[in-house]
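Architecture at a glance
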Amino acid sequence: MEIFREGDLGYCAYIIVKGRVEVSTCKNGDHIVLARRGVGDIFGEMAIVDRKPRSATVRALEDCELLVVSEEQLAFRLATLDPILKMVLGVILERFRESISHSRAFPQVALPSDEGVQNADADTRVDLYRQAIERIELEQELRVALRDQQFELFFQPLIAARTGRLGGLEGLIRWRHPTKGLLAPAAFIEAMEQSGLIHDVSRWVVEECCRTIVHVEKHGACDPGFSISVNVTTRDIADPSFRLHVRRKLAEYEIAPSRLTLEITESQLMENGEDVLSLMRDYREMGVGLSIDDFGTGYSSLSYLTRYPVSGLKIDKSFVDELRPRQPGEEIIRAMIGLGHGLGFKIVAEGVETEEQALLLRKLKCDLLQGYHFSKPVPLDEAMALMQRWAVDRAFPDEDNDAFAAAMESLSRAASF
Ligand code: CMP
Ligand code: MG
């Protein structure tokens, strides 16, 4: 039975679950068998990758069970593929098509080949090459940046809600690009991840944070629970040499492990958490903090919270944005904090932008507050200067929001220079 014919338009690929198929073409009226495929093989993938007509006819040789891989499934993956891989894939397929059309010695059956189709093809190719070239250049620049120390760590303060003192800092990477100025991670993090450079950069960030912890302990007016957070990926966590690096640096700088917190986004944890569970335990046994970043955005089931050995949650900014007294937003955050505390976690609220939010979060017993209301991420010396000014050297009674509000006001005044 024919599954599709050479020259047809293709909307899906197939994986053979049961049975066998025959791939064939027709040359000068002769039926030529190109291949036979069995269980586990895929066919019909070419038309989906480069959107050309079917390059061959495929028919079932026996009773077959086929798993359909839809065009959308492939298209989404192709669209999000590393541009360099996408270019290489396109080139390989193009060469394969060239070689089969030579060997078959007759023109490939094609779509009615008008100008428009040809131009569209050429445009796609130019676009693929341009994206790949940009990515190759960016990755080369990133290597140079690492070698020439063009990366800097900025720090955003986390305020201990109860005392108003500095409870922590989050280290955030910036790239001082030689011609483009200061770049935020959005411009380069993906290239860094896909090229594997992120491994070296994460190590560098850990060491910078250790250096900073020593500096802050010497000069800062910080909370006893003070900790510096570093954003890491589950790939970092899964890498035993990264763990060794963390252990070595803590020892080298003589830092209490609890001064360092590793942040992992909730969505990454949901994707790869199972694989890194035991490694996460190692970090906790070492005494290093582990915090779930962007909490509340990644998943619907909360049962995972009891499974992962984490020490903190960072409530995503989107929840803080909705925080208004006696509104559902308040109840959601109250529940998150209650749940987190019940499990023994330290709770950070991200994206605190107004005094009203800060006061309410304090009332709800959130542990740490982070956001533009206090400060943007700033270079270390600026963070240190803010810290000195913010050394509100007393604890507020829990319900004394007036005193806290006064202190907050002085904090945000100090921050807005
Ligand atoms: P597609 O072009 O979508 O449809 C026909 C399929 O046959 C093609 O994808 C490949 O999966 C397969 N195919 C084409 N040429 C060959 C070949 N020479 N050998 C084996 N399989 C082929
Ligand atoms: Mg973070």
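Keep in mind it's a predicted model, so treat the numbers as computed, not measured.

**Section: the overall build of the chain**
A count of helices and strands for the chain gives 15 helices and 17 strands. Considering the chain as a whole, with its 417 residues, one finds that 47% of them fall into the buried category. A separation threshold of at least 6 residues defines the contact pool for the chain, and within that pool the share at least 24 residues apart is 71%. Total accessible area on the chain is roughly 21000 Å²; 52% of this is exposed by carbon and sulfur atoms.

**Digging into the pairing of strand β15 (residues 346-349)**
Sheet topology note: the strand β14 (residues 312-315)/β15 ladder contains four bridges and is parallel. What sits directly across from K314, in β15, is V348. In the sheet, β15 pairs with strand β16 (residues 368-369) via two bridges, with the strands oriented parallel. Of the residues in β16, the one forming a bridge with V348 is L368. What joins β15 to β16 is helix α13 (residues 355-363), and the crossover it makes is right-handed.

**Notes on the coordination of the magnesium ion (ligand 2)**
Protein ligation of the magnesium ion (ligand 2) involves E170 (OE), N231 (OD1), E263 (OE) and D293 (OD), the donor distances falling in the range 2.1 to 2.3 Å. Read N to C, the donor residues that coordinate the magnesium ion (ligand 2) are spaced as E-x60-N-x31-E-x29-D. Remark: D293 occurs in strand β13 (residues 289-295) and E263 occurs in strand β12 (residues 260-265); sequence separation between them is 30 residues. Residue class for E263 comes out buried when judged on its relative accessible area of 1%.

**Description of the packing of helix α6 (residues 198-219) against helix α14 (residues 380-389)**
Packing of α6 against α14 brings their axes to within 11 Å, and their N-to-C directions diverge by 30 degrees. Comparing their axes, α14 and α6 come out roughly parallel. By crossing handedness, the relation of α6 to α14 is classed as right-handed. Contacts from T212, H215, V216 and H219 of α6 reach α14 at L380, M384, M387 and Q388. Split into classes, the residues belonging to the contact of α6 with α14 amount to four nonpolar, four polar and no charged.

**Thoughts on the packing of aromatic side chains**
Aromatic ring pairs are reported here in terms of the distance separating the ring centres and the angle at which the planes meet. Under the defined criterion, the tally for this structure stands at eight aromatic pairs. A centroid spacing of 5.2 Å and a plane angle of 20 degrees characterise the contact between Y14 and F43, whose relative ring orientation is stacked. Here F43 lies in strand β5 (residues 42-43) and Y14 lies in strand β2 (residues 12-18), a separation of 29 residues in the sequence. Residue Y14 is classed as buried on the basis of its relative accessible area, which comes to 14%. Seen in terms of ring centroids, W175 and F188 are 5.5 Å apart; in terms of plane orientation they differ by 85 degrees. Their pairing is edge-to-face. One end of the pair, W175, is in strand β9 (residues 166-177); the other, F188, is in the loop between β10 (181-183) and α5 (189-195), with 13 residues separating them in the sequence.

**Some details on the packing of α6 against helix α8 (residues 240-252)**
Taken N-terminus to C-terminus, the directions of α6 and α8 make an angle of 20 degrees; their axes are 10 Å apart at the nearest point. The orientation of α6 relative to α8 falls into the category roughly parallel. Relative to α8, α6 is oriented so that their crossing is right-handed. Every residue of α8 that contacts α6 at S202, R203, V206, E207 and C210 is listed here: S241, F242, H245, V246, K249, L250 and E252. When its residues are assigned to classes, the contact of α6 with α8 shows five nonpolar, three polar and four charged.

**Topic: the pairing of strand β6 (residues 57-60)**
Bridging between strand β1 (residues 2-4) and β6 involves two bridges; their strand directions are antiparallel. By the bridge assignment for β6, F4 is matched with V58. Note: strand β3 (residues 21-27) against β6, four bridges, orientation antiparallel. Bridge pairing in β6 places E22 opposite R59.

**Things to note about α13**
Those residues of α13 that sit buried are Q357, A358, L359, L360, L361 and R362. Downstream of α13 by one or two residues, K365 has phi in the positive range, about 70 degrees.

**Regarding a nonpolar patch on the surface**
A cluster of nonpolar side chains, contributed by L302, L339 and L343, occupies part of the molecular surface with about 220 Å² of accessible area. Looking at L343, the relative accessible area reads 33%, which means it is partly exposed.

**What about the sheet that holds β5?**
Spatially, β5-β2-β7 is the arrangement adopted by the three strands of the open sheet, whose pairing is antiparallel. Edge positions in the sheet fall to β5 and β7 (65-70), since each has one partner strand and no second. Relative to β7, β2 runs antiparallel, the two being bridged by six bridges. Bridge assignment links I15 to a residue of β7, and that residue is L67.

**Considerations on the sheet that holds β1**
Here four strands make up an open sheet; going across it, the order is β1-β6-β3-β4 and the pairing antiparallel. Lying at the two open borders of the sheet, with one neighbouring strand each, are β1 and β4 (30-37). The mean inter-strand angle of the sheet, taken between neighbouring strand axes irrespective of direction, is 35 degrees.

**A few points about the confidence of the model for the chain**
In the predicted model, the chain carries a mean pLDDT of 88, and the fraction of residues at 70 or more is 90%. Confidence, expressed as mean pLDDT per element, reaches its minimum in the chain at helix α15 (residues 401-415) with 67 and its maximum at β15 with 98. Low pLDDT (under 50) marks residues 106-114, which in the prediction has 17 contacts with non-local residues, meaning those over four places away or in another chain.

**With respect to the layout of surface pockets**
In this structure, the second largest pocket encloses a volume near 800 Å³. E170, L172, P185, N231 and D293 are, among the 35 residues lining the second largest pocket, the residues nearest its centre. At the level of secondary structure, the elements contributing two or more residues to the lining of the second largest pocket comprise β8 (151-160), β9, α5, α6, β11 (222-231), β12, α9 (266-286) and β13. Counting residues per element, the lining of the second largest pocket draws most heavily on β9, which supplies five residues. Tallied by class, the residues present in the lining of the second largest pocket amount to 14 nonpolar, 11 polar and 10 charged.

How each quantity is defined
Note that residues are indexed from 1 along each chain, following the sequence as it is written. Lettering of chains starts at A and numbering of ligands starts at 1, both following the order in which they are written. The model is predicted, so local features are restricted to residues of pLDDT at least 70 and side-chain atom pairs to those at 80 or more, both for listing and for counting; the totals for chains, interfaces and linings are taken over all residues. In computing side-chain properties, one takes all heavy atoms of the structure into account and sets aside hydrogens as well as water. Helix and strand definitions follow DSSP, with helices as H or I runs of at least four residues and strands as E runs of at least two, each counted in order from the N terminus. Exposure is judged per residue with a 1.4 Å probe applied to protein chains only, and the accessible area is read against the type maximum: over 50% gives exposed, under 20% gives buried, and values in between give partly exposed. Note on contacts: a residue pair is in contact if any heavy atoms of the two residues lie within 4.5 Å. Computed with the Shrake-Rupley method and a 1.4 Å probe, the accessible areas treat only the protein chains shown as cover for residues. In this description, strands pair whenever DSSP reports at least two bridges between them. With the strands aimed away from the viewer, a crossover counts as right-handed if its path from the first strand over the helix to the second runs clockwise. Water is absent from the atoms considered, so a metal site may look incomplete; donors are defined as N, O and S atoms within 2.8 Å of the metal, or 3.2 Å for Na, K and Ca. Angular values range over 0 to 180 degrees, each being the angle between N-to-C directions of two axes fitted as lines to C-alpha atoms, with helices fitted over their stretch in contact. An angle counts as roughly parallel when it lies under 35 degrees, as roughly antiparallel when it exceeds 145, as roughly perpendicular when it falls between 65 and 115, and as oblique in every other case. Less than a right angle of anticlockwise turn of the near helix away from the far helix marks a crossing as left-handed, whereas a clockwise turn marks it as right-handed. Residue polarity is assigned by list, with Asp, Glu, Lys and Arg as charged and Ala, Val, Leu, Ile, Met, Phe, Trp, Tyr, Cys and Pro as nonpolar; anything else, Gly included, falls into the polar class. Within 6.5 Å between ring centres, the rings of Phe, Tyr and Trp (the latter by its six-membered ring) count as paired, and their orientation is classed by plane angle as stacked under 30 degrees, edge-to-face over 60, tilted in between. Surface patches are defined over residues having more than 30% relative accessible area and no salt bridge, joining like charges when they lie within 9 Å and nonpolar side chains (Val, Leu, Ile, Met, Phe, Trp, Tyr) when within 5 Å. Salt bridge criterion: a side-chain nitrogen from Lys or Arg within 4 Å of a carboxyl oxygen from Asp or Glu. Note: pLDDT gives the predictor's confidence per residue, expressed from 0 to 100. With a 1 Å grid laid over protein atoms only, a set of points is called a cavity when a 1.4 Å probe fits there but cannot get out and a pocket when it is open yet has protein on both sides within 12 Å along at least five of seven lines; lining residues have an atom within 4 Å of a point. Grid points are joined across faces, edges and corners, and a volume is the space filled by probe spheres set on the points.

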